[in-house]
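Report on the structure
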Amino acid sequence: MHLRKSVKDRALSSALKPWVFGLLAIFAMGAADAAFAQEASLYPSFSFDLNYGLTTMKSKLVESNDTGSALGYSLGGFAGSGKNIEFNLGFEKDVATFALNDSKISYDWQDTKIRYHYGYFYAGIVFSRLNLMATSAGTEIIDAAGSGYGGSLGFYAPVGRGGSLRIDVTQVNIAAMKNSIATEVSVPSRLDIDIGAAIDIWGKWLDFTFGYRMRTLSLETDAAYAESESSTYLGLRMSTTR
């Protein structure tokens, strides 16, 4: 009983962190120098991103490390008189097979992000859904799904002629998941640090994107496990501006 209460307290604490983080960031943005005027021309009305990455997954759940793949795509756009309100719907599937002990983990994420941009900085909320499947030594141990929420902070600025740089920090909490196997599952914290860039290859219509992402997960079933991923990715972005 004490352990269950402790787990719930940690989950609640993890859920509150993004909101506190976001509020502090918004306050800091309000105090920023007015020289960071909104560059409305930097943001597309609509955009579609597609990227593929090679991932190194280190799992305490299956007690093994191996490489896998990460495939993601998203649809987004900006609205408002200064194009400072962003909406983004993203999907990502991360899969790794651990040949050493016949194990496999598959994360299927769906993130909906609503963010406010102030100059080169932004902050917002994230609604996330996860389908998680895991096998250990050939035996299925997790087949679960759940949803949660969190926060996002970042920096997005033009670089040179036709390029851009992005630094994004996202944290989400999925306090409870429905597992088809008789164990409770939750992801109290997922923390992403994503550093990426884009280069124009066809005006403002098509960009080449690349970057590096570090992800840490706290996964709780019958015990608590620390999971981590690092991914180098390449992709394309198609966009339109009205």
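Residues numbered from 1 in each chain as written. Predicted model: local features only at pLDDT ≥ 70, side-chain atom pairs only at ≥ 80, totals over all residues. Heavy atoms only, no water.

This prediction gives the chain a mean pLDDT of 85; 82% of its residues lie at or above 70. Here residues 1-16 is modelled with pLDDT under 50, and outside its nearest four sequence neighbours on either side it reaches 12 contacts, counting other chains as well. In this model residues 19-38 is a low-confidence stretch, pLDDT under 50, and it forms 22 contacts with partners more than four residues away in sequence or in other chains. (pLDDT = per-residue confidence, 0-100. Contact = heavy atoms within 4.5 Å.)

Moving on, we get to the pattern of salt bridges. Tallied over the full model, the rule gives 12 salt bridges. Arg-215 is paired through a salt bridge with Glu-92; the nearest N and O atoms lie 3.0 Å apart. Here Glu-92 lies in strand β3 (residues 85-98) and Arg-215 lies in strand β9 (residues 206-220), a separation of 123 residues in the sequence. Each member of the pair, Arg-215 as well as Glu-92, is classed as buried. (Salt bridge = Lys/Arg side-chain N within 4 Å of Asp/Glu carboxyl O. Helix = DSSP H or I, 4+ residues; strand = E, 2+ residues; numbered from the N terminus. Buried < 20%, exposed > 50% of the residue type's maximum accessible area, 1.4 Å probe, protein only.)

Looking now at the environment of Thr-97. Positionally, Thr-97 belongs in strand β3. If we skip the residues at most four places from it in the chain, Thr-97 touches Asp-66, Thr-67, Ser-103 and Lys-104.

Locating Ser-64 in the fold gives a position in strand β2 (residues 64-79). If we skip the residues at most four places from it in the chain, Ser-64 touches Met-57, Lys-58, Ser-59, Phe-98, Leu-100 and Asn-101.

The next subject is the side chain of Ser-152. Here Ser-152 shows up in strand β6 (residues 139-159). Among the residues examined, Ser-152 registers a relative accessible area of 3% and is labelled buried. At 3.4 Å, the side chain of Ser-152 and the side chain of Asp-168 are in polar contact. Aside from chain neighbours lying at most four places away, what touches Ser-152 is Arg-115, Tyr-122, Ala-123, Gly-124, Val-126, Asp-168, Val-169 and Thr-170. (Polar contact = N/O pair within 3.5 Å; in protein donor to acceptor, adjacent residues only side chain to side chain.)

In this section: the packing of aromatic side chains. Evaluation of the coordinates by the stated rule reveals five aromatic pairs. Centroid distance Tyr-120 to Phe-155: 6.2 Å. Interplanar angle 75 degrees. Geometry classified as edge-to-face. On the criterion of sequence distance, the pair formed by Tyr-120 in the loop between β4 (103-118) and β5 (121-136) and Phe-155 in strand β6 is long-range, its members being 35 residues apart. Owing to a relative accessible area of 23%, Phe-155 belongs among the partly exposed residues under this scheme. Ring pairs connect the aromatic residues Tyr-120, Phe-121 and Phe-155, which therefore count as one cluster. (Phe/Tyr/Trp six-rings, centres within 6.5 Å; stacked < 30°, edge-to-face > 60°.)

Let's shift gears to the nonpolar core. Residues Leu-61, Ile-105, Tyr-107, Leu-130, Leu-132, Ile-142 and Met-177 are the most contacted members of the largest nonpolar core, which totals 22 residues. Put simply, the parts of the chain that give this core at least two residues each are β3, β4, β5, β6, β7 (163-179), β8 (185-202) and β9. Residue contributions to this core peak at four residues, all from β5. Those residues in contact with Ile-105, other than ones at most four positions away along the chain, are Met-57, Ser-59, Leu-61, Val-62, Asp-94, Val-95, Ala-96, Phe-98, Leu-132, Met-133, Ala-134 and Glu-227. (Core = buried A, V, L, I, M, F, W, Y, C linked by side-chain atoms within 4.5 Å.)

Next up on the list: a nonpolar patch on the surface. On the surface, a nonpolar cluster with roughly 820 Å² of combined accessible area is contributed by Ile-199, Ile-201, Trp-202, Trp-205, Phe-208, Phe-210, Leu-234 and Leu-236. For the nonpolar patch, the secondary structure elements donating two or more residues are β8, β9 and β10 (224-240). Counting residues per element, the nonpolar patch draws most heavily on β8, at three residues. Along the chain, Phe-208 turns up in strand β9. (Patch = residues over 30% accessible without salt bridge, like charges linked within 9 Å, V, L, I, M, F, W, Y side chains within 5 Å. Areas by Shrake-Rupley, 256 points an atom, 1.4 Å probe, with all protein chains shown as cover.)

Along the chain, the position of Asn-101 falls in the loop between β3 and β4. By relative accessible area, Asn-101 is classed as partly exposed at 24%. Taking the C-alpha atoms as reference points, Asn-101 and Glu-63, 38 residues apart in sequence, are found 8.6 Å from one another. Leaving out residues up to four positions away in the same chain, Asn-101 has contacts with Val-62, Glu-63, Ser-64 and Ala-137. Of note is the side chain of Asn-101, whose polar atom sits 2.7 Å from the backbone oxygen of Val-62.

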